[in-house]
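# Examination of the molecular architecture
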Amino acid sequence: MKTHAQAVVIGGGVIGCSILYHLTKLGWCDVVLLERDELTSGSTWHAAANIHGLHDSTNISRIQHYTMTLYKELEAETGQSCGVFQPGSLYLAQTEAREHQLRLQEAKARLYGMSFHEVSRAEAEDLHPLVNFDGVRCIMFEPDGGNVDPSGVTAAYAAGARQRGAEIHRFTPVTATDQQSDGTWIVRTPKGDIHTQWVVNAAGLWGREVAALAGITLPLLPTEHQYFVTDTIAEIAAMDRRLPSVADRDGEYYLRQEGQGLLVGAYEKDVRFWAEHGTPQEFGHELFADDLERIEDNMMRAIDRVPVVGKAGIKRVINGPMIWSPDSNVLLGPLPGKQGYFCCNGIIPGFSQSGGMGLMAAQWIIDGDMQYDMFTWDVARFGDWADAAFTKARVGDQYAHRFKIHFPGEEREAGRPLTLRPAYRMQKDMGAVFGLSTGWEHPLYFSNDVKDSAGFTRQPWWDVVGHEARTLRDRAGIIDISTFAKYRVTGPGAEDWLASVFANKMPRIVGQSCLTPLIGKRGGIAGEATVTRLADDTFWVISSGMAERYQQRFYDAVPLPAGTVFESLTSTWCGFNVAGPHSRVLLQGLTDTSLATADWPFMRSGQIEIAGMDVMALRVSFTGDLGWELHCRATDQVALYAALLEAGEKVGAVPVGSRALMSLRLEKGYGSWGREYSPEYWPQECGLARFCRSDKKFLNRDAALANMEQAPRERLVLLALDPDDTEASNADATGGEPIFRNGSGIGRVTSGGYGYHVGMSLALGYVKDPVAGEAVDVMVLGRPHRAVILDQPPFDPDGTRLRT
């Protein structure tokens, strides 16, 4: 066995072997995979191994499409059969919401050149004559859907990796992973040690145990999962072709042909957790006892849909473990704060995603970034707040609602409330309805009468949010922005360090602030921040709270100068945004500091007293209106909030939640990280090129400048949707909807909603060769809604309200 390697992959399931294969495919051949038992041990070998291409997430759809097309290429390359069957998949919608979901996916398939289209009932009956389509309102067909052989796919990845020089060692358990002072690792096994730059944890059911060897706790928990295979069914045996699989997600089961019978699997409400305190080391190819009574309700729905299932005998039952993250997405990426440690854990649809996941992992390890923005998979999306109790509650909810639609902006209650700010109880008593952001509860809107709900169409809270937004625009509003990430940088090297990290020049005068991008490895927008100079050697940085752990990787990439300290204040400081035309009057009554524009212009900042409390004040507002951000110590949050609310009563101000804030920023055309600002987008494509200073050095400068020398592939635009169309559908764009011009795909929406003050349904999105005033179609609910590309934002286009 080697003593040195570029990377050591731990885990010989389908994902570990895919990562190994893709590392070699991208040029790293000095790599090793270690497997404690036989390849496919754990959860790979007993998987149903269904494959499908379309997903609610555009980038996951791309990854699944890549995976589906890879398998036959892998067979040709290695000579190893992957057992690929692609008779297609039928997707059924019994509800209006499911129909909206499927039509959106059909529109995305048109945009990205994937095969997914509607078929009539007669066509569906020809494709699958055993299905009863009564009660189905919409049927889509994916010609490339099907299934593969789990062992064959894993063996093919392994063979491909070996052909390029990788080593695979079975029956070689890892006993320790020791990080060295230079950030490299020694991976210890009974057969010897390997010194490596990268440890890749792809240990499947043992992901928690392997992580613990490095002092890491991952939010993962296994459950049992069952499917069964029927005896031979005469109608299937008599056919000369294979039947398409059936995705009847409203029925909460999946079904496909297996041999000359059918395979039926279900995610039942009665969740059974397994190995809560650790996966047994001796576990390998074992299964659990059959317990079909647990999925009886799901089985009955499958029998109603495919009656022959009820007449067939059961040939075998598979009840095996699978391991979940709190949101059922993989935990992927370099672990922040652990140089050279890469995670790929908690994969559920492994055979739909294995190829793309392996490619993304290999790109990240070798190139330092991926070609797609995959924050939805990033291990950095969870922090220490995702503890064992939260993980169990969320995993139970994800399993029991596996096929439930994940609506835009949906908030699930499992495991909550979680981490509370001091003002939580006060806000709850005021009627706040809360959402969850990186572990923190925060107000979405305020109402004692309207409960939260989610859907593709406008929800009952739509008018409540509208009242908050209009009141802020007409008078003033007070928004809790404590979820924003807040940092303080102090010391003699603070300015130089910040200038080396961020693309813009740092403020030179105390009291000034600047906006600045953070550039990714491929030259895209990894973040956006407001940097404020509070003293000669003291700066504040305010950025996206959701991105805090993600962006830690970039901060860690630039060494701090001696005597310079970078610290996060997100947990210990809170914040409010006071905005609207009466915000100055509201605040002036609470401070002796003049807030007149002549004394406190736009982008001015400083430490002042508000109601007797020390706050850090910035004259900026994500609402696009006149406003100030006020940041205070958490111990002062309740007192400051009370003072602001009391003063606000005099000017008609109201508490405002984050949903109104999202509407207000759309009216101004402001982008948001994770939506409009992403590592996929170049500075000139999203309007941030002017903040990237080519006359200074900064992180990933060469990549940014190389991109900026090229013509933009797309541009960020603001669109106004036709009110007749949106009123008829009772829906606005939310994000992800394709944009078409004369029937040809030209872009997609990144954010959408209703602008209550301007009275317009608005969407931000990226479009190829946009022309102001041009008419396009936005596929809201998967159907064309007329829209116009705006040449300027509908609210305060010249910035008068913002700056005076």
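Located above this text is the structure these notes cover.
A few points on the structure. (Residues numbered from 1 in each chain as written. Predicted model: local features only at pLDDT ≥ 70, side-chain atom pairs only at ≥ 80, totals over all residues. Heavy atoms only, no water.)

Let us now look at the nonpolar core. Core analysis: the largest hydrophobic core is formed by 50 residues, its most contacted members being Ile19, Leu23, Tyr71, Tyr157 and Leu332. Counting residues per element, the ones that place at least two in this core are strand S1 (4-10), helix H1 (14-25), strand S2 (31-34), helix H2 (58-78), helix H5 (150-163), strand S11 (192-201), strand S18 (341-345) and helix H10 (350-367). Looking at this core, the element that brings in the most residues is H10, giving 8 residues. With residues near it in sequence (within four places) discarded, Ile19 still touches Val9, Val200, Ala202, Cys344, Gly358 and Ala361. Membership of the second largest hydrophobic core comes to 38 residues, among which are Ala499, Ala503, Tyr677 and Phe698. (Core = buried A, V, L, I, M, F, W, Y, C linked by side-chain atoms within 4.5 Å. Buried < 20%, exposed > 50% of the residue type's maximum accessible area, 1.4 Å probe, protein only. Helix = DSSP H or I, 4+ residues; strand = E, 2+ residues; numbered from the N terminus. Contact = heavy atoms within 4.5 Å.)

Our next topic: the sheet that holds strand S23 (residues 513-519). Hydrogen bonding along the main chain pairs the strands of a sheet, whether they run parallel or antiparallel. Read from one edge to the other, the open sheet built from 5 strands follows the order S23-S24-S25-S22-S26, with strand pairing classed as antiparallel. The open sheet is flanked by S23 and strand S26 (565-568), the only strands paired with a single partner. For this sheet, the mean inter-axis angle between neighbouring strands, taken without regard to orientation, is 25°. In the sheet, strand S22 (residues 485-490) pairs with strand S25 (residues 538-543) via 6 bridges, with the strands oriented antiparallel. Each bridged residue has a counterpart across the sheet, and for Val489 the counterpart in S25 is Phe539. (Pairing = 2+ DSSP bridges. Axes fitted to C-alpha atoms, helices over the stretch in contact; angles between N-to-C directions.)

Below, the discussion takes up the environment of Pro793. You can see Pro793 is positioned in the loop between strand S37 (783-789) and helix H21 (800-803). Taking the C-alpha atoms as reference points, Pro793 and Gln551, separated by 242 residues in sequence, lie 29 Å from one another. Among all residues touching Pro793, those that are not within four sequence positions of it are Glu667, Lys668, Gly669 and Leu718.

Under the 1.5 Å per step criterion, the end-to-end length of helix H17 (residues 637-649) is 18 Å for 13 residues, consistent within 8% with the ideal 18 Å. Inspection of H17 places Gln637, Leu640, Tyr641, Ala643, Leu644, Leu645, Ala647 and Gly648 among the buried residues, and these make up the whole buried set. (Expected span 1.5 Å × (residues − 1).)

As a further point, take the pattern of salt bridges. Taken as a whole and judged by the stated rule, the model has 52 salt bridges. Put simply, Arg62 and Glu680 hold a salt bridge, and the shortest N to O gap is 3.7 Å. Of this pair, Arg62 sits in helix H2 while Glu680 sits in the loop between helix H18 (658-668) and helix H19 (701-708), placing them 618 residues apart in sequence. Residue classification places Glu680 among the buried positions, given a relative accessible area of 17%. Between Arg458 and Glu727 there is a salt bridge whose closest N-O contact spans 3.1 Å. Of this pair, Arg458 sits in the loop between strand S20 (440-446) and helix H13 (462-474) while Glu727 sits in helix H20 (residues 723-729), and the two are 269 residues apart along the sequence. (Salt bridge = Lys/Arg side-chain N within 4 Å of Asp/Glu carboxyl O.)

If you want to describe how two helices pack, look at the angle between their axes and the distance between the axes. Between H2 and H5, whose axes approach to 10 Å, the crossing angle comes to 50°. The angle between H2 and H5 falls in the class oblique. Considering the relative orientation of H2 and H5, their crossing is left-handed. Where H2 abuts H5, its residues Leu70, Tyr71, Leu74, Glu77 and Thr78 lie against Val153, Ala156, Tyr157, Ala159, Gly160 and Gln163. (Parallel < 35°, antiparallel > 145°, perpendicular 65-115°, else oblique. Left-handed = near helix turned anticlockwise from the far one by under 90°.)

Once that is clear, we can look at the pairing of strand S29 (residues 613-618). Across the 6 residues that make up S29, a large majority, 5, are buried. Across 6 bridges, the pairing between strand S28 (residues 605-610) and S29 is antiparallel. Pairing of Glu609 across the sheet is with Asp614, part of S29. Between the antiparallel neighbours S28 and S29 lie 2 residues, among them Ala611 with a positive phi of about 55°. Pairing geometry for S29 and strand S30 (residues 627-633), over 3 bridges, is antiparallel. Pairing of Met616 across the sheet is with His631, part of S30.

Interpretation note: all reported values are geometric properties and have no functional meaning in isolation.
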